[in-house]
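# Descriptive structure summary
Each chain is listed here by its residues.
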Amino acid sequence: MRKQRAPEGRGDRAFRLATAIIAASLPVFMIAILVFIFQYSLPAIKFNGLGFFTGTIWNLGNLNSVSTITKNGVQGLPGADFGVLTLLAGTVLSSTIALVIAIPTSIAIALFTSEEAPRSVREPLVALVDLLAGIPSVIYGLWGIIVLVPLMQATVAPGLASIFGFIPFFGGRTSGYGLLTSGIVLALMVTPIISSTVRESFAKTPTDLKEGALALGCTKWEMERRIVLPFSMTTIAGASMLGLGRALGETMAVLMVGGGAQNGLPTNIYSPISTMATAIVTLLDSAFTDPTNLALYSLAEVALVLFLVTLAANMAARIFVSGGITKAFVSRGEA
Amino acid sequence: MKTEEGVFARKTWDKSVRALTLVVTVMILIPLFDIIYIVVVNSLPGINLDMFTHLTVTDGILNGIVGSLFLVALSSVIAVFLGLFSGVYLSEFGGRYASVVRFFADVLTGVPSIVVGYFGYIVFVLYLGWGFSALAAAIALTIIMLPYITRTTEFALRKVPAEIKEGSYALGASKATTVSKISLRYAAPGIITGILIGVSISLGETAPLIYTAYFYNYLPNLALIHSPVGYLTWIIWAFINEPLVLAHQQAFVSSLVLMIFVLCLGLGARFLVARWWKS
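Presented here is an overview of the structure given in this document. (Residues numbered from 1 in each chain as written. Chains lettered and ligands numbered in written order. Predicted model: local features only at pLDDT ≥ 70, side-chain atom pairs only at ≥ 80, totals over all residues.)

## Re the overall build of chain A
When you go through chain A residue by residue, the secondary structure sums to 14 helices and four strands. Summarising its shape, the C-alpha atoms of chain A cover approximately 80 × 75 × 30 Å along the three principal directions. Contacts in chain A between residues at least 24 apart in sequence constitute 77% of all its contacts with a sequence separation of at least 6. (Helix = DSSP H or I, 4+ residues; strand = E, 2+ residues; numbered from the N terminus. Contact = placed C-beta atoms within 7 Å.)

This is the structure in structure tokens:
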């Protein structure tokens, strides 16, 4: 490529440099986020140590205390104890439930809209499913509060508990706000992302393979099971990771239907939860009251952990889906 | 498999799968219609002139509408400027640097919006001392929109046929002239689609704004720093948890306005894409 390029004029070089400098804004923002959050959380990292990952309590300490304690050179209030495990559990468990629901659902939708449905209805169906992706998360939360929470409390959770109550974690009572409700809302939010990525991969299945299978006498389902699904296995894995990344970092919807629980691990699938993302919203107000600022630093540490966890999910997605998360989103608009 | 029953079983499987995928697809659409239904039905009693002309301190959501548009306009100005030129760079000049930028764009898309919000709080609200402010919020939204606008611009520019660009070069035009006069015009619908998607995403964001713009019960005073701004998504989140019927109506009408904005932007994007593909 480089060899074929014509000699660059002075104007063109200025143009290239100017656009290159502006394009640096993307790495700069990204690195700035990482550096500032890391730097801001440093006192907390020192103070909390490894206990941060095993602690289930978020305790600012004695706010009325006139003295402070010092641990590893960092000041905190007496009794201050910050643990992320409860939040980590809420985050991972709600996202897991979301994926357990969303992956088979998305594969079914992708199969229906690319293979099974009559051609004339495919495109409108795809457009409708894509509309789900465009709904703001705060409106999912609103719908969750108005529709899903009462439904979970009155019907779904008691029903599940009475049928599957013998399975560990399925028994119990609920206010409607909690882990399962969050998982269902998250599943709704990530399904359009996963299904659109998977559908595009299904559509790329070589036609001659598909026709060959049909010509050999396969039914449509047998053709899908032996040709279409195996062809897209890695994309399904990657798309699920994309969905996971989205679910892990989702804030508003879970904040509104999760019920909020900072100081104890969930005991069953109906337990109220906080995630790392929702905790950053709910705990910031109280963090202002900590005169040592340690609570603010600890929240930055939560943000750092959340950042790294979602980064891991998105990197995994990148391995499976070429072009990564932006490509998946962008191409949806072009479909 | 060779017997008649085998064939029957296989056909039954086939039909069951078709039925199952149909049912699942319909089931995922029920929440979509229910969300629209719930928002419309619950906001109807609240739709009156006062709702759209009064502030949230009394019985309206005017400051929310104005504030949302203000924040999105401000962030769009920054994000479109940065995204357009970044996209031009990525499509016109390849190389290792471009793939680094692409990589960071992808990573940036995956950063949870609340993390962007906390970053904005630390850097702009605290370190730079802007306080809760429109500019802090606008930069947070810019970070969220920028990768989309950059990548859609890149994709749209890449679809410009080489012959068209070569025609321009053959006439002696420079790269800058070719991009601005030929390529950008040809790719305009695709680029605008990306911008519309970005705008629609940032209109619906809440998490990055809570600790950057905070909230304000009065109209934004258009100062960039040292004054909080109210916006629609905050009204939805905060007011639905209040006991008053009026507060619920304000939340629902805010949702309706937001949904209409988002749907219009989405349909606009789809329409542009459809036209673009035809031409």
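## As for unusual backbone geometry
A positive phi angle, near 70 degrees, is found at Asn293 of chain A, a position not held by glycine. By secondary structure assignment, the location of Asn293 of chain A is in the loop between helix H12 (276–287) and helix H13 (294–320). A residue is classified by how many C-beta atoms lie within 10 Å of it, and Asn293 of chain A, with 17 of them, is partly exposed. The phi dihedral of His226 of chain B is positive, around 65 degrees, even though this residue is not glycine. Within the secondary structure layout, His226 of chain B lies in the loop between helix H9 (207–210) and helix H10 (232–239). Accessibility expressed as a C-beta count within 10 Å gives 13 for His226 of chain B, which makes it partly exposed. (Buried ≥ 20, exposed ≤ 12 C-beta atoms within 10 Å, placed from the backbone.)

## Some thoughts on the environment of Phe170 of chain A
Residue and element names in this part refer to chain A. With respect to the helices and strands, the residue Phe170 is situated in the loop between helix H6 (137–164) and helix H7 (179–203). Judged by C-beta crowding, with 17 C-beta atoms within 10 Å, Phe170 ranks as partly exposed. In this structure the C-alpha to C-alpha distance between Phe170 and Tyr270, which are 100 residues apart in sequence, comes to 7.9 Å. Sequence-distant contacts of Phe170, defined by excluding residues within four places in its chain, comprise Leu160, Ala161, Phe164, Gly165, Asn268 and Ile269.

## Concerning the packing of helix H4 (residues 96–110) of chain B against helix H6 (residues 134–158) of chain B
Residues and elements named next belong to chain B. Closest axis-to-axis distance for the H4/H6 pair is 9 Å, and the angle between their directions is 135 degrees. In terms of their interaxial angle, H4 and H6 are classed as oblique. Seen along the crossing, H4 lies across H6 with a hand that is left-handed. On the side of H4, the interface is formed by Ala105, Leu108 and Thr109, while H6 contributes Ile143, Pro147, Thr150 and Arg151. (Axes fitted to C-alpha atoms, helices over the stretch in contact; angles between N-to-C directions. Parallel < 35°, antiparallel > 145°, perpendicular 65-115°, else oblique. Left-handed = near helix turned anticlockwise from the far one by under 90°.)

## Section: the nonpolar core
In terms of nonpolar packing, the biggest core is built from 190 residues, with Ile139, Ile280, Ala300 and Ala303 of chain A together with Leu71 and Tyr118 of chain B touching the most fellow members. Top element by residues in this core is H6 of chain B. It accounts for 17 residues. Among all residues touching Tyr118 of chain B, those that are not within four sequence positions of it are Ile37, Ile280, Leu299, Ala300 and Ala303 of chain A together with Tyr211 of chain B. (Core = buried A, V, L, I, M, F, W, Y, C linked by C-beta atoms within 7 Å.)

## What about the interface of chain B and chain A?
Each partner contributes residues to the interface: chain B has 80 residues there, and chain A has 74 residues. No other element matches the 19 residues that helix H1 (residues 4–43) of chain B contributes to the side of chain B that touches chain A. Of the residues belonging to the side of chain B that touches chain A, the class tally is 53 nonpolar, 18 polar and nine charged. (Nonpolar A, V, L, I, M, F, W, Y, C, P; charged D, E, K, R; others polar.)

## Re the packing of H12 of chain A against H13 of chain A
Residues and elements named next belong to chain A. Following both chains from N to C, one finds H12 and H13 inclined at 170 degrees, their axes separated by 10 Å at the closest point. By the criterion of interaxial angle, the relationship of H12 to H13 is roughly antiparallel. Where H12 approaches H13, its residues Met276, Ala277, Ala279, Ile280, Leu283, Leu284, Ser286 and Ala287 are matched on the opposing element by Ala295, Leu296, Leu299, Val302, Ala303, Val305 and Leu306. Across the contact of H12 with H13, the residue classes tally to 14 nonpolar, one polar and no charged.

## Digging into the environment of Thr278 of chain A
Residue and element names in this part refer to chain A. Here Thr278 is to be found in helix H12. Separated by 129 residues in the primary sequence, Thr278 and Val149 place their C-alpha atoms 18 Å from one another. Contacts of Thr278, omitting those with residues within four sequence positions, involve Thr251, Val254, Leu255 and Gly258.

## Regarding the environment of Phe53 of chain A
Residue and element names in this part refer to chain A. Its location among the elements puts Phe53 in helix H3 (residues 51–54). Sequence separation between Phe53 and Pro43 is ten residues; the distance between their C-alpha atoms is 16 Å. Not counting residues up to four positions away in its chain, the partners in contact with Phe53 are Val84 and Leu85.

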